[in-house]
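In case you want the letters, here they are:
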Amino acid sequence: MPFEGIGASVRRKEDVRFLSGHGNYTDDINRPGQVHAFIKRADRPHAAINGIDTAAAAKAPGVVAVFTGADMAADNVGGLPCGWQIHNKDGSPMAEPPHPVLAIGKVRHVGDPVAVVIAETRQAAKDAAELITIDYTDLPSAATLKDAVAPNAPRVHDEVAGNVCYDWHIGDKAMVDAAFAKATKVVKLDLTNNRLIPNAMEPRAAIGEWDTSSGDYTLYTTSQNPHVIRLLMGAFVLHIPENKLRVVAPDVGGGFGSKIYHYAEEAIVTWASAKVRRPIKWTAERNESFMSDAHGRDHVSTAEMALDTDGNFLALRISTLANMGAYLSTFAPCIPTYLYATLLAGVYKTPLIYCEVKAVFTNTVPVDAYRGAGRPEATFLVERLVDVIAHDTGKDRIAVRRQNFIPADAFPYQTPVALQYDSGNYQATLDAALKAADYAGFEARRTAAKARGKLRGIGVSTYIEACGIAPSAVVGSLGARAGLYECANIRVHPTGSVTVFTGSHSHGQGHETTFAQLVSAQLGVPIEQVEVVHGDTGKIPFGMGTYGSRSLAVGGSAMVKAMDKVIAKGKKIAAHLMEASVDDIEFADGKFTVAGTDKSKALAEISLAAYVPHNYPIEELEPGLEETAFYDPKNFTFPAGCHVCEVEVDMDTGVPEVVSFVAVDDVGRVINPMIVEGQVQGGVAQGVGQALLENAVYDAQGQLLSGSFMDYTMPRADNVPNIKVATEVTLCTHNPLGVKGCGEVGAIGSPPAVIGAIVDALRDYGVRHINMPATPGKLWSIIQSGRPAMAAE
Amino acid sequence: MYDFSYQQPANLADAAKVLLGDPEAKALAGGMTYIPVLKQRLAKPSVIVDLVKLGLTGITVGANSVTVGAMTTHATVAKSAAVAGKIRGLAALAGMIGDEAVRHRGTIGGSIANNDPAADYPAAALALGATIKTNKRSIKADDFFTGMFSTSLEQDEIITAVEFPVPEKSGYEKFRNPASRYAIVGVFVAKFPAGVRVAVTGAGQGGVFRQTAMEQALSANFAADAVANIKTPADGLNGDIHASAEYRAHLVGVIAKRAVAKAA
């Protein structure tokens, strides 16, 4: 048997079906008697609804039913719930305005669902939707953060004064202010974190089905966490108990966070399937994805660092405006607070940190987690500020970092913003990355580039993130309305093959391979005899799903615990069969052995005995070999690392090109190096996208200008260089695998490295920071208006 | 898309008759612009008159001209050694349109008839002083492009071929929109014995236009440096979230230089 255990680059088992077109996505599923839904959406950012006339649509050919918010209200359907409550500085709870499934009274962003048409075909539903007339009175809108916090700004929700969802803070303001008062130098930076549109390759889709016989509901949906959807939709929206509601998330083509949340369409098709007594399918068109998938990022911040004479960081003070969009998406409030401000220590021993965050409603699509979720915002802010500190104090960027790093012998390290880092070695990842990038040889490459009309720059980011979310008690104390453990069930079949039922969900991450490797390593079963099942509340005991790079650290740890139980039971069976004491049974490489003898039984012999218990300790042991475990992590995990980027900017056009990228990440123990490399590459591609290309732009009225791929610049293959990926390993100290998570490091670590490189390229043009995306036009303006210090050469 | 009826006429006369008899009828060439328009429900034609069966494909090379049938795909033009041998910039331009799939469906006639302000072919037609041949007449390129998405074609007029005079040298370069990859600025330069013609696509609010100051400078000295200091006024140029009018004006100069440098 080839080496398939921990550390092997096993080819992804799932890729055969994906690459050959045999994936089974929600839209591939068709239920008997199925009809189709089309959502009529607001075409304007903010308006009062005076009336909705659906009569013509209801009579159109092929139409089965038309529903509006009033129909759902009449059925006592609840609003879409928010899963996290933040408290204001004064202790009062955040503003939590209603989020009706279909708009009631008002529409608040372009794309807000107003009505649904259900028809025999998708085309008929779409045709009929055009016959719906909505009598609107347009209202002034608050399209951007700046507009929304302006005095007398239009209110997105009448009951929310100043459009402020919450005004939150963390840290000791008085102590931080005192440190600033004593500082010899203060460096200040204003920066924005651009708004992004996730654009998973597979658009969202949902099929609702109501069983006329049992009264059970089934929802097939593009979700990263079907049990969470069952909980939210069942308990809060449709009032269906768990035992009558099954949620299936089959193959899902990318999520990046955007498929965590409970969306209106899921509730609409589920609710309406019982009204029309037929299964209902809805699949987003790409333009609907742009205006209804939760967007990401969108911060405006001011950051200040107080420094002593030697350049040591004394205190960090930050003020951030965070865009919530028009309604609170499922986890929106926690992103710019507990997933953001708690990471502001970065990899530095800054002793004092104070951060205040004002979350603001605007007439735009709701904003929630997107790959990295809060941590890219923190990393961009801290790493850009560190570069600017070096710039403003005339010091070397690397030296400033090394001087202020948390040293490798300081772990566990308690930051001033709640987190305790368990392990890490930031000098090691920095050293490895600088070496791999030939940092020392950069100036020669810059000189050579200049001769070709290119401005070459190098950027460095030393980042950290908090993953493996999360200890339930901790997040509960911070406002989470759910626990964040994970569940695994390990079923050893009579012949010794294994099925793993996991609450984690795979939407591209390769879980079917990585998890099979875990099982193979621990139970000694070849990976082709391991089946990984996820994404079905009808099969999996429970699960909190996949986000925050938690699947291996939390979901994998649950599997380890369940396998420990399997082995413990197996030892009892083996002891009985081999007439030995349980304490003398050892398990390794798939065999139960009586210690110090050559007597052994293979796992398959034990499982057969468990299911055919003729010779079995039946008095003290139940038949069967199947165990379930729940794992609640003791802490977050803290992947960290160093990214080094080199760019060349064309002097004539301002066009930037990433010419080299090195990522050295410490993600703890690596199970499958190939999958880790793929995850890092994908994350870096998204980070390069954010830094150079992607930007969700609304006009002053709240129309989405970047509403299609014609105007929203997704990174393409020619925008992304070959990425050198390497790992340095410090083990996570508190989970059984020592793993930290790798899904988000690329998107978190890379944007400041790219922008650092761009700023370095333009170092002669009097620029110390550039906001994302660094587009050609923006860079050309700097080149045009800058006064090159060496223009005479 | 909305429902429509679909016809594949076997000859030009039949096709023209359908178009003349129904103002809601629409001719379809490669469909690389129009099919997305239909899918987005931005057009509601009564009849689609597919020109595919009219025999309008093929390239004819004469001593002083290259004639490209209206339904000839970009890929065919790009790969044509005969075109490249006579008008290097034309073959190069065809190879720079869209992506591989678009180049195998999209046609020269469709591109020119649509006159998208960010399309490539109008720059070649105008710079080379092409003649657009239709079922009714021949139209000089200078008279053909009448504004954004607008041409002098009549309702029942169908482009049959585009005839390009053979220049001494020609070259095309473009600056792509990072998202759509259409031209933000595209410049085609063509050097004839009588002088140089320069056409700019992507930048102008009214679609493709000639840059006469550059034409004069290049006629005097056909070298990249000759256009280095010629400014293009930002007035009348497009500005959008990707490129301001001022940036486009600057890019016209940079891209013109590169087109001249490439010209062969």
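Rules and cut-offs
- Residues numbered from 1 in each chain as written.
- Chains lettered and ligands numbered in written order.
- Predicted model: local features only at pLDDT ≥ 70, side-chain atom pairs only at ≥ 80, totals over all residues.
- Helix = DSSP H or I, 4+ residues; strand = E, 2+ residues; numbered from the N terminus.
- Rg over C-alpha atoms; globule rule 2.2 N^0.38 Å.
- Buried ≥ 20, exposed ≤ 12 C-beta atoms within 10 Å, placed from the backbone.
- Contact = placed C-beta atoms within 7 Å.
- Pairing = 2+ DSSP bridges.
- Axes fitted to C-alpha atoms, helices over the stretch in contact; angles between N-to-C directions.
- Nonpolar A, V, L, I, M, F, W, Y, C, P; charged D, E, K, R; others polar.
- Core = buried A, V, L, I, M, F, W, Y, C linked by C-beta atoms within 7 Å.
- Domains from an automatic or database assignment.
- Parallel < 35°, antiparallel > 145°, perpendicular 65-115°, else oblique.
- pLDDT = per-residue confidence, 0-100.
- Expected span 1.5 Å × (residues − 1).

Caption draft 1: Inspection of the overall build of chain A at higher detail. Each helix and strand counted, chain A has 20 helices and 28 strands in total. Rg of the C-alpha trace for chain A: 28 Å, near the compact-globule value of 28 Å for 793 residues, within the 12% margin. Each of the three principal axes of chain A carries a C-alpha extent, and together these read 90 × 75 × 50 Å. Scored against the burial criterion, the 793 residues of chain A give a buried share of 57%. Within chain A, contacts between residues at least 6 apart in sequence are counted, and of these 81% link residues at least 24 apart.

Caption draft 2: Representation of the overall build of chain B. Along chain B, the regular secondary structure elements total 11 helices and 14 strands. The C-alpha radius of gyration of chain B comes to 18 Å, within 12% of the 18 Å expected for a compact globule of 264 residues. For chain B, the spread of C-alpha atoms along the three principal axes comes to 55 × 45 × 30 Å. Pairs at least 24 apart in sequence give 62% of the contacts found in chain B among residues at least 6 apart.

Caption draft 3: Region of interest: the sheet that holds strand S9 (residues 205–210) of chain A. Residue and element names in this part refer to chain A. In space, the 7 strands of this open sheet follow the order S3-S5-S1-S12-S9-S10-S11, with mixed pairing throughout. Both edges of this open sheet fall to strand S3 (63–68) and strand S11 (245–248), since each of them pairs with a single strand only. Here the average twist between neighbouring strands, direction ignored, is 20 degrees. Here 5 bridges tie S3 to strand S5 (residues 113–119), and the two strands are oriented antiparallel to one another. Residue pairing for S5: Val63 is matched across the bridge by Ala119. Lying over the sheet, helix H4 (residues 122–129) contacts strand S1 (35–41), S3 and S5, oriented at roughly 30 degrees with respect to S1. Relative to S9, helix H8 (residues 264–276) is tilted by about 25 degrees, and along the sheet it contacts S1, S3, S5, S9, strand S10 (217–221) and strand S12 (280–283).

Caption draft 4: Inspection of the interface of chain B and chain A at higher detail. Each side of the interface is counted separately: chain B has 12 residues, and chain A has 13 residues. At 4 residues, the largest contribution of residues to the side of chain B that touches chain A is made by helix H11 (residues 245–262) of chain B. Considered class by class, the residues forming the side of chain B that touches chain A number 8 nonpolar, 4 polar and no charged.

Caption draft 5: The arrangement of the nonpolar core in detail. Formed by 334 residues in total, the largest nonpolar core has its most connected members in Val117(A) and Val189(B). With 11 residues, the top contributor of residues to this core is helix H16 (residues 551–577) of chain A. Residue contributions to this core reach at least three from each of two domains, namely domain 1 (1–52) and domain 2 (169–263) of chain B. Once you skip the residues sitting within four places of it in the chain, Val117(A) turns out to touch Phe38(A), Lys40(A), Ala57(A), Val63(A), Val66(A), Ala125(A), Ala128(A) and Ala129(A).

Caption draft 6: A look at the packing of H16(A) against helix H17 (residues 603–611) of chain A. Residue and element names in this part refer to chain A. Their axes nearest at 10 Å, the elements H16 and H17 cross at an angle of 90 degrees. What the angle tells us is that H16 and H17 run roughly perpendicular. In this structure, H16 contributes Gly570, Ile573, Ala574 and Leu577 to the contact, and H17 contributes Leu603, Ile606, Ala609 and Ala610. A breakdown of the residues in the contact of H16 with H17 according to their chemical character gives 7 nonpolar, 1 polar and no charged.

Caption draft 7: Seen up close, the confidence of the model for chain A. With 99% of its residues at a pLDDT of at least 70, chain A reaches an overall mean of 96. Across residues 789–793 of chain A, confidence stays below pLDDT 50; counting only partners more than four residues off in sequence or on other chains, it has 2 contacts.

Caption draft 8: Representation of H16(A) in the model. Its 27 residues place the ends of H16(A) 37 Å apart at the C-alpha level, agreeing with the 39 Å of an ideal helix rising 1.5 Å per residue. The first or second residue beyond H16(A) is Glu579(A), which carries a positive phi of 50 degrees.

Caption draft 9: Region of interest: the environment of Val228(A). Residues and elements named next belong to chain A. The residue Val228 is located in helix H7 (residues 226–237) in this model. Sequence separation between Val228 and Met544 is 316 residues; the distance between their C-alpha atoms is 6.1 Å. If we ignore the near neighbours within four places in the chain, the residues touching Val228 are Met544 and Gly545.

Caption draft 10: A look at the sheet that holds strand S7 (residues 164–170) of chain A. Residue and element names in this part refer to chain A. Across the sheet, 5 strands lie side by side as S7-S15-S14-S13-S8; this open sheet has mixed pairing. Since the sheet does not close on itself, it has two edges, and those belong to S7 and strand S8 (185–196), each with one partner. The mean inter-strand angle of the sheet, taken between neighbouring strand axes irrespective of direction, is 10 degrees. Against the sheet, helix H10 (residues 375–393) engages S8, strand S13 (296–307) and strand S14 (313–325), with an angle of about 145 degrees to S8.

Caption draft 11: Region of interest: the confidence of the model for chain B. On average, residues of chain B carry a pLDDT of 97, and 100% of them reach 70 or more. The ipTM, which scores confidence in the relative placement of chains, is 0.95 for this predicted complex, and the corresponding pTM is 0.96.

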